[in-house]
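Examining the three-dimensional arrangement
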Amino acid sequence: MTAKNKALRVTCVTFVLTALVTLFREFKPGYANGIWFIWTFCSWNYFAYAFDKRMWPSQFVELKGGNEGSPIKRTIYFWGTAVVYLAFIATMAFAK
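Quantities reported herein were computed from a predicted structural model and do not represent experimental measurements. (Residues numbered from 1 in each chain as written. Predicted model: local features only at pLDDT ≥ 70, side-chain atom pairs only at ≥ 80, totals over all residues. Heavy atoms only, no water.)

**Some words on a nonpolar patch on the surface**
A cluster of nonpolar side chains, V13, F15, V16, L17, L20, L23, F24 and L86, forms an exposed patch at the surface whose accessible area comes to about 750 Å². Of the residues forming the nonpolar patch, the biggest block, 7 residues, is contributed by helix 1 (residues 3-24). Following the sequence through the fold, V13 ends up in helix 1. Under the relative-accessibility criterion, V13 is labelled partly exposed at 47%. (Patch = residues over 30% accessible without salt bridge, like charges linked within 9 Å, V, L, I, M, F, W, Y side chains within 5 Å. Areas by Shrake-Rupley, 256 points an atom, 1.4 Å probe, with all protein chains shown as cover. Salt bridge = Lys/Arg side-chain N within 4 Å of Asp/Glu carboxyl O. Helix = DSSP H or I, 4+ residues; strand = E, 2+ residues; numbered from the N terminus. Buried < 20%, exposed > 50% of the residue type's maximum accessible area, 1.4 Å probe, protein only.)

Structure follows, in structure tokens:
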């Protein structure tokens with residue numbers, strides 16, 4: 001499986017889960033907007049992993065272009081972000 005396929009699948013899964021949590025949970029005003037803001041930040045990381053290593057901010061070593069980045073670090077950031085976001089969504093879905 002290529003990096004683009006992985007990134008697209010993780011983006012789609014997190015989008016669907018975020019939409020389901022937003023639809024089926026009643027949140028205080030502003031909470032649903034916050035969830036989508038966090039999803040946007042995380043999906044930027046998925047996009048950077050798959051499509052463009054030279055994305056801003058350049059201080060993330062794994063995203064630097066010109067063969068300066070480390071594919072292992074990029075993979076760790078990608079899966080780490082996915083796990084943290086899925087834990088966040090699970091907390092939002094099941095917490096009272």
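**Let's talk about the packing of aromatic side chains**
Counted according to the given criterion, the structure contains 5 aromatic pairs. Relative to F88, the ring of Y85 lies with its centre 5.9 Å away and its plane at 45°, an arrangement referred to as tilted. With a gap of 3 residues between them, Y85 and F88 both fall in helix 3 (residues 71-94), about one helical turn apart. Taking the relative accessible area as the measure of exposure, Y85 reaches 1% and is therefore buried. Here F88 falls in the partly exposed class, since its relative accessible area comes to 24%. Site record: aromatic cluster; members linked through ring pairs are F15, W36 and W39. (Phe/Tyr/Trp six-rings, centres within 6.5 Å; stacked < 30°, edge-to-face > 60°.)

**What about the nonpolar core?**
As a rule of thumb, nonpolar side chains are buried together in soluble globular proteins. Counting 13 residues, the largest nonpolar core has I35, Y46, F78 and Y85 as its most contacted members. Looking at this core, the elements that each hand over two or more residues are helix 1, helix 2 (31-50) and helix 3. Aside from chain neighbours lying at most four places away, what touches F78 is K6, A7, V10, N45, Y46 and Y49. (Core = buried A, V, L, I, M, F, W, Y, C linked by side-chain atoms within 4.5 Å. Contact = heavy atoms within 4.5 Å.)

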